[in-house]
Amino acid sequence: MASADYDRMKEVKEFDESKMGVKGLSDSGITSIPRFFIHPPQTLSQLKSSSSSSSPGIPMIDLSNLDSPHHRPKIVDQIREASKTWGFFQVINHGVAVSALEETINAIKSFHEQPQQVKAKHYVREEGRGVMYASNNDLYRSEAASWHDSLQVWMAPQPLEVEQIPEICRREVVAWDTRAKTVAESVMKLLCEGLGLESGKFKELTFSDTRVLVGHCYPYCPQPDLTMGIISHTDPVVLTVLLQNQVPGLQVKHGDEWVDVKPVPGGLIINVGDFLQIVSNGEYKSVQHRVLANSCKEPRISIVMFFNLAKWKDSNSYGPLPELLSPEKPAIYSNFTQKEYNDNFYSKGLDSNPSSIRLQYKITIIMW
Ligand SMILES: O=C(O)CCC(=O)C(=O)O
Ligand SMILES: [Fe+2]
């Protein structure tokens with residue numbers, strides 16, 4: 001991309017230092033996007049070949065009557081099948097009121113819709129704890145920038161001072177953390193049961209104890225065929241719970257097709273992360289997904305809650321759970337330490353740390 005008359009890094013830096021975000025660019029009324037947002041032809045050509053219209057979409061699972069001995073085994077089966085074949089599913093009747101979902105979306109939207117100078121106070125690039133608002137977490141590492149801004153809040157396990165959360169969405173962010181955790185923990189129990197494990201196994205392994213909330217905003221993009229909302233990646237966590245507004249854009253890879261995840265009022269999307277794929281010995285799949293640049297005037301808002309284990313006991317290594325292995329089902333992944341996991345995850349340019357593209361990573365740890 002380097003050429004005599006184009007200093008990409010200078011433009012990227014100017015954009016970053018302006019703290020205006022993609023939302024600021026979009027609101028300024030530009031009709032063409034800055035060059036550093038333009039993705040390489042191989043990415044752009046794949047946008048065109050998507051044929052998602054014929055697919056029924058990701059499975060929809062009704063969680064009502066979860067504790068009834070008649071319903072529960074059916075729900076366990078549905079979740080297991082969905083996690084094996086799609087790695088993604090949508091849940092309804094999950095116990096969170098539609099009004100609470102709307103409040104959460106509206107609060108994140110209000111954050112992103114504040115005047116630039118108000119949001120600029122929160123604009124930092126420091127991942128791993130506290131609060132970070134920035135455009136493109138991997139701005140300095142990726143090949144091309146993508147059309148989104150994000151507010152990241154590391155809820156746990158490090159104690160978070162609630163005052164750090166921007167006031168405009170503070171109450172809703174704190175409430176969403178509790179609600180999403182309740183849903184994730186009940187889904188984790190079902191996922192355990194689907195593997196024939198004790199339903200409390202994942203909780204015991206602290207799989208919901210690290211929680212990162214990411215409030216993405218995908219503003220209107222004047223040239224959606226030249227860029228992405230978020231590039232294709234898998235989530236390097238145990239489980240993800242995703243709440244989206246009614247603006248489409250999320251796509252999931254299913255076989256060779258990119259399938260649209262159509263917004264469903266009241267629905268919550270759940271997806272299997274890399275870590276769960278490994279501990280389940282490949283039974284559950286961590287699947288590639290991406291977001292198209294938004295061509296609607298209304299911003300697309302999504303609130304992602306990543307769940308991961310709390311503490312990696314120092315010398316411990318993780319791998320497929322021994323309970324799941326047998327001579328017929330030997331381990332397809334080798335165990336790895338935290339350093340190996342992190343090195344593989346964070347060594348690549350990535351799209352939205354803590355979610356990122358890490359195909360490399362799977363290749364390194366698979367023991368063929
Ligand atoms: O915005 C979305 O719908 C997806 C975001 C995502 O995949 C991520 O943050 O990992
Ligand atoms: Fe993701």
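Everything quoted here is computed from the prediction, not taken from an experiment. (Residues numbered from 1 in each chain as written. Chains lettered and ligands numbered in written order. Predicted model: local features only at pLDDT ≥ 70, side-chain atom pairs only at ≥ 80, totals over all residues.)

Here we take up the sheet that holds strand β3 (residues 131-135). Read across the sheet, 8 strands follow the order β1-β2-β10-β7-β12-β5-β4-β3 without closing on themselves; strand pairing throughout is mixed. Whereas interior strands pair on both sides, the edge strands pair on one side only; in this sheet they are β1 (60-62) and β3. Averaged over all adjacent pairs, the angle separating strand axes in this sheet is 25°, with direction ignored. Bridging between strand β4 (residues 149-156) and strand β5 (residues 210-218) involves 7 bridges; their strand directions are antiparallel. In the sheet register, Ala156 faces β5, and the bridge partner there is Arg211. Across the face of the sheet, helix α5 (residues 98-112) comes into contact with β4, β5, β7 (239-244) and β12 (300-308) while running at roughly 110° to β12. Its contacts with the sheet put helix α7 (residues 170-194) on β4, β5, β7, β10 (268-272) and β12, and the angle it makes with β7 is roughly 130°. (Pairing = 2+ DSSP bridges. Helix = DSSP H or I, 4+ residues; strand = E, 2+ residues; numbered from the N terminus. Axes fitted to C-alpha atoms, helices over the stretch in contact; angles between N-to-C directions. Contact = placed C-beta atoms within 7 Å.)

Turning our attention to α7. Residues three or four positions apart in an α-helix share a direction because the helix packs 3.6 residues into each turn. Here α7 is 25 residues long and its end C-alpha atoms lie 36 Å apart, about the 36 Å a rise of 1.5 Å per residue gives. Downstream of α7 by one or two residues, Gly196 has phi in the positive range, about 80°. (Expected span 1.5 Å × (residues − 1).)

This paragraph deals with the environment of Val118. Mapped onto the secondary structure, Val118 falls in helix α6 (residues 116-120). Between the alpha carbons of Val118 and Pro248 there is a distance of 28 Å; along the sequence they are 130 residues apart.

Attention now goes to the nonpolar core. Residues Val187, Leu191, Leu213 and Leu239 are the most contacted members of the largest nonpolar core, which totals 84 residues. Other than its neighbours up to four places away in sequence, Val187 contacts Ile79, Leu239 and Ile270. (Core = buried A, V, L, I, M, F, W, Y, C linked by C-beta atoms within 7 Å. Buried ≥ 20, exposed ≤ 12 C-beta atoms within 10 Å, placed from the backbone.)

With that settled, consider α5. The end-to-end C-alpha distance of α5, which contains 15 residues, comes to 21 Å, matching closely the 21 Å that a straight helix rising 1.5 Å per residue would cover. Buried residues of α5: Leu101, Thr104, Ile105, Ala107, Ile108, Phe111 and His112, and no others. Along the axis of α5, the buried positions cluster into a sector of 160°, meaning they face one direction only. The exposed set on the far side of α5, more than 90 degrees from its buried face, consists of Val98 and Ser99. (Arc of directions from axis to C-beta.)

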